[in-house]
Amino acid sequence: MSAIDKINERCFDLYEDLHFNAAREWKDAKPGRKVVGYMPIYVPREIIHAAGMLPLGILGGGDQLEVIHGDAYYQSYICRIPRSTIELGVSGRLNFVDGMLFPSICDVIRNLSGMWKLMFPDVYVHYFDVPQNYIDDIGGNYYRNELQELREGLEELGGRKIDDAALTHSIGVYNDNRRLVRQVYDFRAKQPWKAPAAEAYLLMRAGLVLPVEEHSHMIRDWLKEAENRDMPVRDNCRVVVTGLFCEQPPLNLIKSIELSGCYVVDDDLLLVTRWLIDDVPTDGEPLNNLSLAFLHHSEETSAKYVPTLAEKGQHLVRAVKNRGAEGVIFASPSFCDPALLDRPMLQHVLTAANIPYIAFKFAENSGQMQPIREQAGTFADSIKLWSEA
Ligand code: SF4
């Protein structure tokens, strides 16, 4: 087996493991270690890392987990991720997790944080809010206080102080990881045939369960191997895929988009890996640096409040331009308010910019890919016909 196949196999094993054995092993390797889970979108993993704990991304149950108990806690007309996350909890798969963070994104996640508190009273549970105002003295101060509250909560959980030096060190470690993640995205945009969408996704996803240093090492190795490999160049069109920032699509859906003739050259999957788009400064007060980075150097997506209407959706137009994409695929979880409420506004912006798009919905356990392949395949064909006209 080639070196890159071994990396891909490891990533796939981590993806499939709903008992989180890698995180369990990390915890068991030294007495006193703690694991802090977080739901998709964004949490400042630097603070968890500085506390000496492992940040662990909890991304629902995917298409492998049968939801037996979780359905009883939620009505049927909401997305699936809260139900499968409850299933992970009540089935004991998360019984080694010492804390859970629920980042601000929607009412479903907010409610889930309250339910988690009731269901797992011994676990440190924190609803992590983010600013909706980007003025330094207002939203910045508010967010700085949120970061401090999280810091104090983790200090209590870990029984030790988190000093500024540790925070600054962790910021540097995550800067390194973000740089590597950006390299993967840049590499894929340049040579997408050498970075299949599902492979790049699994590589990123491994970073949500492994210690960050190990993940950075893994990306370096993967990039070295991917650059040198020989892969056939297909006559695919280039697309940006958006709307997948919370509940995860089945792996087959990501593969289907590519198999139907679309190279994915950008996406909003696993945003926590690149929410901050520049290095966070490592001089000065670390929480202030994290706060200002969120305010002024963070990814514009449907998961983030955009204060000016003129700016709404421009991140997609920029992504299309910067990545040399020819169209956009909106793929959103069924009943996902943040993604589906934004979609008409984003489609309006794309229409004005003369960028073609299609849209469909999915659930993390969707099994039938044929309609998606047909829709994405027809989209790819129409783009090729257009561009040749
Ligand atoms: S998929 Fe959408 S609606 Fe469901 S929890 Fe995530 S952000 Fe909220």
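### Comments concerning the site of the ligand
Near the ligand you find 13 residues, and of these Cys79, Ile105, Cys106, Cys246 and Cys336 are the closest. Those elements that provide at least two residues to the shell around the ligand are α5 (107–119) and α13 (337–352). Split into classes, the residues belonging to the shell around the ligand amount to 11 nonpolar, no polar and 2 charged.

### Quick notes on the side chain of Ser260
Summarising the element assignment, Ser260 is placed in the loop between α10 (251–259) and β6 (262–267). At 2.8 Å, the side chain of Ser260 forms a polar contact with the backbone oxygen of Ile257. Look past the residues within four positions of Ser260 in its chain and what remains in contact with it is Arg373, Ala376, Gly377 and Ala380.

### Focus: empty space enclosed by the protein
Per the stated rule, a full pass over the model turns up 9 cavities of 30 Å³ or more. The volume enclosed by the largest cavity comes to roughly 120 Å³. Taken together, 15 residues make up the lining of the largest cavity; nearest its centre are Arg188, Ile254, Val264, Asp267 and Leu269. Contributing elements (two or more residues each) for the lining of the largest cavity: α7 (164–190), α8 (197–206), α10 and β6. In terms of residues, the lining of the largest cavity owes the most to one element, α8, which gives 4 residues. For the lining of the largest cavity, a count of residues per class yields 13 nonpolar, no polar and 2 charged. In this structure, the second largest cavity occupies an estimated 100 Å³ of space. Leu14, Tyr15, Asp17, Leu18, Phe20, Gly57, Leu59, Gly60, Arg205, Leu208 and Val209 together form the lining of the second largest cavity. Of the residues in the lining of the second largest cavity, the class split is 7 nonpolar, 2 polar and 2 charged.

### Details of the pairing of strand β8 (residues 357–362)
Burial of β8 is one-sided: the residues Ile358, Phe360 and Phe362 facing one way are buried, the residues Tyr357, Ala359 and Lys361 facing the other way are not. Across 6 bridges, strand β7 (residues 327–333) lies against β8 in parallel orientation. In the strand pairing of β8, Ala331 is matched with Phe360. In this fold, β7 hands off to α13, which returns the chain to β8; that crossover is right-handed.

### What about the layout of surface pockets?
Its volume calculated, the largest pocket comes out at about 700 Å³. Around the largest pocket, the lining is made up of 30 residues, and of these Ile277, Ser298, Glu299, Glu300 and His315 lie nearest the centre. Sorting elements by how many residues they give to the lining of the largest pocket places helix α12 (residues 314–323) first, with 6 residues. Each pocket or cavity is described by its volume, and for the second largest pocket that value is around 300 Å³. Forming the walls of the second largest pocket are 18 residues, and the residues nearest its centre are Ile105, Ser302, Ala303, Lys304 and Tyr305. By residue number, the principal contributor to the lining of the second largest pocket is α13, which donates 4 residues. Within the lining of the second largest pocket, the residues separate by chemical class into 11 nonpolar, 3 polar and 4 charged.

The rules we used
Residues numbered from 1 in each chain as written. Predicted model: local features only at pLDDT ≥ 70, side-chain atom pairs only at ≥ 80, totals over all residues. Heavy atoms only, no water. Near = heavy atom within 4 Å. Helix = DSSP H or I, 4+ residues; strand = E, 2+ residues; numbered from the N terminus. Nonpolar A, V, L, I, M, F, W, Y, C, P; charged D, E, K, R; others polar. Polar contact = N/O pair within 3.5 Å; in protein donor to acceptor, adjacent residues only side chain to side chain. Contact = heavy atoms within 4.5 Å. 1 Å grid on protein atoms, 1.4 Å probe; cavity = no way out; pocket = protein on both sides within 12 Å on 5 of 7 lines; lining within 4 Å. Points joined across faces, edges and corners; volume = space filled by probe spheres on them. Buried < 20%, exposed > 50% of the residue type's maximum accessible area, 1.4 Å probe, protein only. Pairing = 2+ DSSP bridges. Right-handed = clockwise from strand over helix to strand, strands pointing away.

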